[in-house]
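Spelled out from the first residue to the last, the chains are:
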Number of protein chains: 2
Amino acid sequence: MRDPDKPQQIIAAAIRVFARSGYYNSRVSDIAREAGIASGTIYLYFKTKDEILVTLFREKMAEWVALVRRELAAERNPLAKIRKIVALHFKVLEENPDLAEVVQVELRQGQKFFRGASAHEVSAYFDVINDVLEEGVGAGLIRRDLPVKVATKMLFGAMDQLATSWVLGKRGYCLTEAAEPVATIFLQGVCAHGV
Amino acid sequence: MRDPDKPQQIIAAAIRVFARSGYYNSRVSDIAREAGIASGTIYLYFKTKDEILVTLFREKMAEWVALVRRELAAERNPLAKIRKIVALHFKVLEENPDLAEVVQVELRQGQKFFRGASAHEVSAYFDVINDVLEEGVGAGLIRRDLPVKVATKMLFGAMDQLATSWVLGKRGYCLTEAAEPVATIFLQGVCAHGV
DNA sequence: GTAGAATGAACGGCGATTCAGTCAGAAACT
DNA sequence: AGTTTCTGACTGAATCGCCGTTCATTCTAC
């Protein structure tokens, strides 16, 4: 009678524990205690400690991309879509502080994650941005000569840095308030005419 | 007769080793072998393995900021300064592939580095960008109402993401070539009038 | 009664750190 | 100069604590 959402509970516990202590400083037994189970039980659902982190990242990232796709569907204008992406990016992180901590700080552990495992999920998010920008170029709203791939990375990087600063700065300000200026600066940078 | 630049040799070796295997996958003995010394010797110069990473980051970052400051001194125009910062950022990384690997991928290890130890050095770099932008506002070249702190983080984030993509994508393209578009998009985003 | 889920004590490997010993060269002495 | 003593940088095998993982046992639901 394997509990079908035990893995979810373990992942949820892992997010809290990793957020508190960092991946390498977290014991598997800490995750177990946080989840209210024995450490051995974790190995019924995950082969290794690494697998917990990889799975956590995969799932959260997939949810995220799905959410963004869903929200964008309601919007026609490519420029408004960009504004929505930025707003959503910041909103998700602000509403999930533990997840934000893990995604912005812990998940950067070299080799293992950005390379390999997560590459596919991250690139799905890049694709979303990339597609919107191309749409904007097609509609004549965005400079025809814009290097779209570069601009995509710039926007992601800009959002990511704002988020990281927010997390590291102990959330001393409101992240959501930064959404409007970030979108505006970026759009003015890529648009064919004024914004 | 302590060799006064033994620490430097150890750091140089550590950069090569960390670039190859990642921080957590590198043995102290690997660094020793790479440096051509015994593992115990490392402990004559560094108290712990962590200290090697922290020191390496501190020193390289300080050199970096000093270099940028020096190069900017030769330049009057704030907009040209921004272009120079971007060009330099990419040039340094492109010319030091091992350092790039360590800085972009390995040094992100949560807790320990971005928080604490390195905060001061990173913020010095932020200050450089911040000051140039304010100078631009003062000169009427940059929108008077620009949220300078946000724009600073955006530019840093944009450069950082381009660099990270370049490192993770096994350097499949020329990073330096991205400097011009990045600077142009950013400047168009923040300037009072066209660029 | 039994299958299979859960437990958690114990194992085993790993790797950072230590430290007793080596040795090259500097100083002291003849 | 030659000889002896001393110094402390350097070595690397051995130590030791840590924690991911295992598995013999217990529990639970049917």
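Bear in mind that the values here come from a model prediction, so they are computed numbers and not experimental data. (Residues numbered from 1 in each chain as written. Chains lettered and ligands numbered in written order. Predicted model: local features only at pLDDT ≥ 70, side-chain atom pairs only at ≥ 80, totals over all residues.)

**A short note on the domain arrangement of chain A**
Residues and elements named next belong to chain A. What counts is decided by this rule: The split into domains, and so the bounds of each, comes from an automatic or database assignment of domains. It is the C-beta atoms, placed from the backbone, that decide contacts: two residues are in contact if theirs lie within 7 Å.
As assigned here, chain A comprises domain 1 (1-46) and domain 2 (54-190). Each of domain 1 and domain 2 was reduced to a C-alpha centroid, and the two centroids are 28 Å apart. Each partner contributes residues to the interface: domain 1 has nine residues there, and domain 2 has nine residues.

**Digging into the packing of helix α4 (residues 49-73) of chain B against helix α5 (residues 78-95) of chain B**
Residues and elements named next belong to chain B. Filter applied, for reference: Between N-to-C directions, angles span 0 to 180 degrees; the directions come from axes that are lines fitted to C-alpha atoms, helices contributing only their stretch in contact. Helix and strand definitions here come from DSSP, where helices need a minimum of 4 consecutive H or I residues and strands a minimum of 2 consecutive E residues; each element is numbered from the N-terminal end. Any angle that falls under 35 degrees is termed roughly parallel, while one over 145 is termed roughly antiparallel, one within 65 to 115 roughly perpendicular, and all others oblique. Here a crossing is called left-handed whenever its near helix is offset anticlockwise from the far helix by less than a right angle, and right-handed whenever the offset is clockwise. Residue type decides the class: Asp, Glu, Lys and Arg count as charged, Ala, Val, Leu, Ile, Met, Phe, Trp, Tyr, Cys and Pro as nonpolar, and the leftover types, Gly among them, as polar.
As a packed pair, α4 and α5 sit with axes 10 Å apart at the nearest point and diverge in direction by 140°. One element, α4, and the other, α5, form an angle in the oblique class. Crossing hand, α4 versus α5: right-handed. Seen from α4, the contacting residues are Trp64, Val68, Glu71 and Leu72; seen from α5, they are Lys81, Lys84, Ile85, Leu88 and Val92. By residue class, the composition of the contact of α4 with α5 is six nonpolar, no polar and three charged.

**What about the nonpolar core?**
Here is the rule we go by: In this description, a nonpolar core means buried residues of the types Ala, Val, Leu, Ile, Met, Phe, Trp, Tyr and Cys, linked to one another by C-beta atoms lying within 7 Å. Counting other C-beta atoms within 10 Å of its own, a residue is labelled buried from 20 upward, exposed at 12 or fewer, and partly exposed in the gap between, with every C-beta atom placed from the backbone.
By size, the foremost hydrophobic cluster in this structure holds 112 residues, and its most contacted members are Ala14 and Val182 of chain A together with Ala14 and Val182 of chain B. Leaving out residues up to four positions away in the same chain, Val182 of chain B has contacts with Val150 and Met154 of chain A together with Val86, Ala158, Met159 and Leu162 of chain B.

**Topic: the protein's contact with DNA strand C**
Inclusion rule: Nearness is defined per residue: the C-beta atom, placed using the backbone, must lie within 6 Å of the molecule or strand.
In the neighbourhood of DNA strand C, 18 residues make up the surrounding shell, with Ala38, Gly40 and Thr41 of chain A together with Gly40 and Thr48 of chain B lying closest. For the surface near DNA strand C, the elements supplying multiple residues, two or more each, are α3 (39-45) of chain A together with α2 (28-35) and α3 (39-45) of chain B. Per element, the largest residue contribution to the surface near DNA strand C is four residues, and it comes from α3 of chain A. Its residues assigned to classes, the surface near DNA strand C shows six nonpolar, seven polar and five charged.

**What to know about the interface of chain B and chain A**
Facing the 32 residues of chain B at the interface are 32 residues of chain A. Elements that contribute at least two residues to the side of chain B that touches chain A include exactly α8 (148-168) and α9 (179-190) of chain B. Ranked by residues supplied to the side of chain B that touches chain A, first place goes to α8 of chain B with twelve residues. Its residues assigned to classes, the side of chain B that touches chain A comprises 18 nonpolar, nine polar and five charged.

**A few points about the environment of Glu95 of chain B**
Here Glu95 of chain B shows up in helix α5. Taking the C-alpha atoms as reference points, Glu95 of chain B and Pro147 of chain B, 52 residues apart in sequence, are found 33 Å from one another.

**As for α4 of chain B**
One turn of an α-helix holds 3.6 residues; hence residues three or four places apart share an orientation. Residues and elements named next belong to chain B. Let me state the cut-off plainly: Take the residue count of a helix, subtract one, and multiply by 1.5 Å to get its expected span.
Given a rise of 1.5 Å per residue, 25 residues ought to cover 36 Å, and the 37 Å separating the end C-alpha atoms of α4 matches this to within 8%. By the burial criterion, the buried members of α4 are Ile52, Leu53, Leu56, Phe57, Trp64 and Val68. Those residues of α4 hidden inside the fold are in contact with α1 (6-21), α5 and α7 (119-138).

**Re the relation of the copies chain B and chain A**
Stated precisely, the cut-off is as follows: Overlaid copies result from least-squares superposition on C-alpha atoms, with residues included only where pLDDT is at least 70 in both.
Turning chain B through 180° and shifting it by 0.0 Å along the axis lays it on chain A, with an RMSD of 0.1 Å. This pairing of chains is accounted for by a two-fold axis. Among all residues of chain B, the minimum C-alpha distance to the rotation axis is found for Gly189 of chain B, at 1.9 Å. A shared binding surface is used by both copies, with 100% of the interface residues of chain B retained as interface residues in chain A.

**Quick word on the environment of Val103 of chain B**
Position of Val103 of chain B among the secondary structure elements: in helix α6 (residues 97-104). For Val103 of chain B, a count of 24 C-beta atoms within 10 Å gives the class buried.

**Thoughts on α8 of chain B**
Residues and elements named next belong to chain B. For α8, which comprises 21 residues, the first-to-last C-alpha distance of 30 Å matches the rise-based estimate of 30 Å (1.5 Å per residue) to within 8%. α8 sits mainly inside the fold: 18 of its 21 residues count as buried. Among the residues trailing α8, Lys170 stands out with phi positive, at a value near 50°.

**Structural notes on the packing of helix α8 (residues 148-168) of chain A against α8 of chain B**
The interhelical angle for the contact between α8 of chain A and α8 of chain B, taken along N-to-C directions, is 115°, at an axis separation of 7 Å. Remark: the crossing between α8 of chain A and α8 of chain B carries right-handed chirality. For the pair α8 of chain A and α8 of chain B, the contacting residues are Lys153, Met154, Phe156, Gly157, Ala158, Asp160, Gln161, Leu162 and Ser165 of chain A in the first and Lys153, Met154, Phe156, Gly157, Ala158, Asp160, Gln161, Leu162 and Ser165 of chain B in the second. Here the contact of α8 of chain A with α8 of chain B is built from residues that sort into eight nonpolar, six polar and four charged.

**Here we look at the environment of Ala80 of chain A**
All names here are of chain A. Here Ala80 shows up in helix α5 (residues 78-95). What makes Ala80 partly exposed here is the crowd of 15 C-beta atoms within 10 Å. Between the alpha carbons of Ala80 and Val132 there is a distance of 9.9 Å; along the sequence they are 52 residues apart.

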